[in-house]
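Per-entry structural report
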Amino acid sequence: MRISVVGCGYLGAVHAACMADVGHEVLGIDVDERKVADLSAARAPFFEPGLPEVLQRTCATGRLRFTTDVAAIARPPGADGPTVHFVCVGTPQRRGEFAADTSYVDAAVSALLPHLRPGDLVVGKSTVPVGTAARLADRIGEAVPGAALAWNPEFLREGHAVEDTVHPDRIVYGLPPDPDDARRAKALLDEVYAEPVAAGIPVITADYATAELVKTAANAFLATKISFINAMAEVCEAAGADVTTLAAAIGHDDRIGARFLRAGLGFGGGCLPKDIRAFMARAGELGADQALTFLREVDAINMRRRTRMVDLARQEVGGSFLGRKVTVLGAAFKPDSDDIRDSPALNVAAQIRLQGGDVVVTDPAALENARRAWPDLRYEEKVEVACQGADVVLLLTEWREYRGLDPASLGEVVRARNVLDGRNALDAQLWRAAGWNYRALGRPRG
Ligand code: UDX
């Protein structure tokens, strides 16, 4: 199968590499020259476990190439058969609004149009407001009769992107309304995903609107689940109860399930926060805003956790950050990622800095990105150095190396043994036994 992938960010680069790995001929296109240079040299432009290995494997076969020149997707002379063009560009939140900015998706389709041939299939993977696919399908159909559009949302998690791409939970095809176009689109997608389809991974076919909504509904549910447990954490704090025990107990009920019930600093990243806001904005445009007003509360609970963490840290250092050193473990929005988009950890770090604290941040992968976005904060690579003379240590991203820290030796370098566990990831007993004043979100003081 000949495939092009427009947009080589966290989603597109992984998709391109994994598609080449299963034997397709793939061309990745991105406007960012540095990214294209990295990918062409089989270097991952961001931290994603497993991606460097897939890139090295596939670039060596010659099946995977990258370019900044969209004209390179033109069908090579003499080649026949359709090309499948994946659109994997971002849909960030519009400045000052809840709605998603779909201009990159529109621009990607505009760039593709002059090179499309009848029989080609454009496949949208970006997370878009419902209705976008129908609009794009009209544009494609008018410009290139015989070319079609499908919507194939992506559910990958950063940090597990390769695994999620190769072994997804489900594959969703949003197909064109015309039955012949739908049959053709489905056949092409079945060929692209021949391996997972043969492995029995469920394929759900739907119309465009349903396929688009599957993605936003899934993210809205996940965000709601996290904010639900964080709301319980607020109640636990007020009642002197322990949210981690509560989560474990309710999680045993299959109908509830234990996953995504980790209470703490809440969700961040490039997807959940902006996707729930864009979903509310779109529902409003459709006249269904009442249906999603609860997502405002989900968002508010999530943001309150960050303020609560700052308040707790201030309490721990005696009521004011002035003259106090605060060490923040973690800058990425979650472990196994260098992504700092809407990172709860950096949000807390920046709030404390603004309140006069001397903040030092450390992270195994995200320091370079963090330094660029928040030059005002201090950064240290080594945990022990970052913790030197600290009045309080905040665990804000639960990297494995932080979960396994030795509280006794860390206790030697800090000024005061105060630790705040923003992710409920440390062994409270162990830290307390080593003389630390351990506090966590949603748990009693101990
Ligand atoms: C999410 C969705 O999971 C994925 O399906 C979608 O395609 C994109 O958005 P991602 O943003 O990579 O993926 O991260 P995810 O693992 O979902 O975590 C999101 C945030 O929630 C992180 O900040 C994480 O720390 C937080 N989280 C997650 C919790 O606070 N508690 C939990 O129990 C789980």
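Residues numbered from 1 in each chain as written. Predicted model: local features only at pLDDT ≥ 70, side-chain atom pairs only at ≥ 80, totals over all residues. Heavy atoms only, no water.

**Regarding the nonpolar core**
Counted only if it meets this: Here, nonpolar core means buried Ala, Val, Leu, Ile, Met, Phe, Trp, Tyr and Cys residues that are tied together by side-chain atoms lying within 4.5 Å of each other. Burial here depends on accessible area, computed with a 1.4 Å probe over protein chains only, as a share of the maximum for the residue type. Under 20% is buried, over 50% is exposed, and the range in between is partly exposed. Helix numbering and strand numbering both begin at the N terminus, where a helix is a DSSP run of H or I of at least 4 residues and a strand a DSSP run of E of at least 2.
Ranked by internal contacts, the top residues of the largest apolar core, which has 48 residues, are Ile352, Val361 and Leu394. It is helix α13 (residues 344-354) that provides the largest number of residues to this core, a total of five residues. The next biggest cluster of nonpolar side chains, apart from the first, holds 43 residues, and it includes Val36, Phe86, Leu121 and Ala148.

**A short note on the domain arrangement of the chain**
Applicable threshold: The source of the domain bounds is an automatic or database domain assignment. In this description, contact between two residues means that some pair of their heavy atoms is separated by no more than 4.5 Å. Once two parts are joined, some of their accessible surface, as seen by a 1.4 Å probe, is lost; buried area is that loss totalled over both. When a carboxyl oxygen of Asp or Glu lies within 4 Å of a side-chain nitrogen of Lys or Arg, that pair is called a salt bridge. Whenever two N or O atoms come within 3.5 Å, that pair is a polar contact, provided that in protein one can donate a hydrogen and the other can accept it, and provided that, for residues adjacent in sequence, both atoms are side-chain atoms. We call Asp, Glu, Lys and Arg charged. Ala, Val, Leu, Ile, Met, Phe, Trp, Tyr, Cys and Pro are nonpolar, and the rest, Gly among them, are polar.
Under the domain assignment used here, the chain contains domain 1 (2-206) and domain 2 (225-440). Summarising the inter-unit geometry, the C-alpha centres of domain 1 and domain 2 are found 34 Å apart. With 17 residues of domain 1 at the interface, the matching set in domain 2 holds 19 residues. Between domain 1 and domain 2, a total of about 1,500 Å² is buried, with carbon and sulfur atoms accounting for 54% of that surface. Considering only the surface of domain 1 that becomes buried against domain 2, Phe47, Phe98 and Glu158 emerge as the three largest contributors, covering 42% of it. For the interface between domain 1 and domain 2, the tally reads one salt bridge. Put simply, glutamate 158 and arginine 341 hold a salt bridge, and the shortest N to O gap is 3.2 Å. Taken together, the links from domain 1 to domain 2 amount to nine residue pairs in polar contact (both at pLDDT 80 or more). Residues of the side of domain 1 that touches domain 2, tallied by class, amount to 10 nonpolar, five polar and two charged.

**Digging into the packing of helix α11 (residues 272-285) against helix α12 (residues 294-316)**
Definition in use: In this analysis an axis means a line fitted to C-alpha atoms, helices contributing only their contacting stretch, and an angle means the value between N-to-C directions, from 0 to 180 degrees. Throughout, the term roughly parallel applies to angles under 35 degrees, roughly antiparallel to angles over 145, roughly perpendicular to angles from 65 to 115, and oblique to all others. Note on convention: the crossing is left-handed when the near helix lies turned anticlockwise from the far helix by less than a right angle, right-handed when the turn is clockwise.
At a minimum axis separation of 10 Å, α11 and α12 run at an interaxial angle of 155°. Taken together, the axes of α11 and α12 are roughly antiparallel relative to one another. In the crossing of α11 with α12, the sense of the turn from one axis to the other is left-handed. Judged by residue contacts, Ile276, Arg277, Phe279 and Met280 of α11 engage Leu295, Arg296, Val298, Asp299 and Met303 from α12.

**Notes on the site of the ligand**
For clarity, the cut-off: For this purpose, a residue is taken to be near a molecule or strand whenever a single non-hydrogen atom of the residue falls within 4 Å of it. Working definition of accessibility: Shrake-Rupley area with a 1.4 Å probe, residue cover restricted to the visible protein chains.
In the vicinity of the ligand lie 20 residues, with Phe155, Leu156, Glu158, Arg262 and Lys334 positioned nearest. Here an oxygen atom of the ligand and a backbone polar atom of phenylalanine 155 are 2.7 Å apart. A distance of 3.4 Å is found between an oxygen atom of the ligand and a backbone nitrogen or oxygen belonging to leucine 261. Relative to its free-state accessible area of 670 Å², the ligand is covered by the protein chains to the extent of 95%. For the shell around the ligand, the leading source of residues is helix α9 (residues 208-239), giving four residues. Taken together, the residues of the shell around the ligand break down into 10 nonpolar, three polar and seven charged. Two domains share the shell around the ligand, each providing at least three of its residues, namely domain 1 (2-206) and domain 2 (225-440).

**A closer look at the packing of aromatic side chains**
Defined as follows: Pairing of aromatic rings covers Phe, Tyr and the six-membered ring of Trp, with a centre-to-centre limit of 6.5 Å; geometry is then stacked below 30 degrees between planes, edge-to-face above 60, and tilted otherwise. Criterion for a charge above a ring: Arg CZ or Lys NZ at most 6 Å from the ring centre, at most 35 degrees from the ring normal.
Under the defined criterion, the tally for this structure stands at three aromatic pairs. With 4.3 Å between their ring centres and 40° between their planes, tyrosine 10 and phenylalanine 46 make a pair best called tilted. Highlighted residues: tyrosine 10 in helix α1 (residues 10-21) and phenylalanine 46 in the loop between α2 (33-40) and α3 (51-61), separated in sequence by 36 residues. Ring geometry for tryptophan 431 against tryptophan 436: centres 5.0 Å apart, planes inclined by 70°, an arrangement best described as edge-to-face. In this structure, arginine 170 packs its charged tip against the face of phenylalanine 155, placed 3.6 Å from the ring centre.

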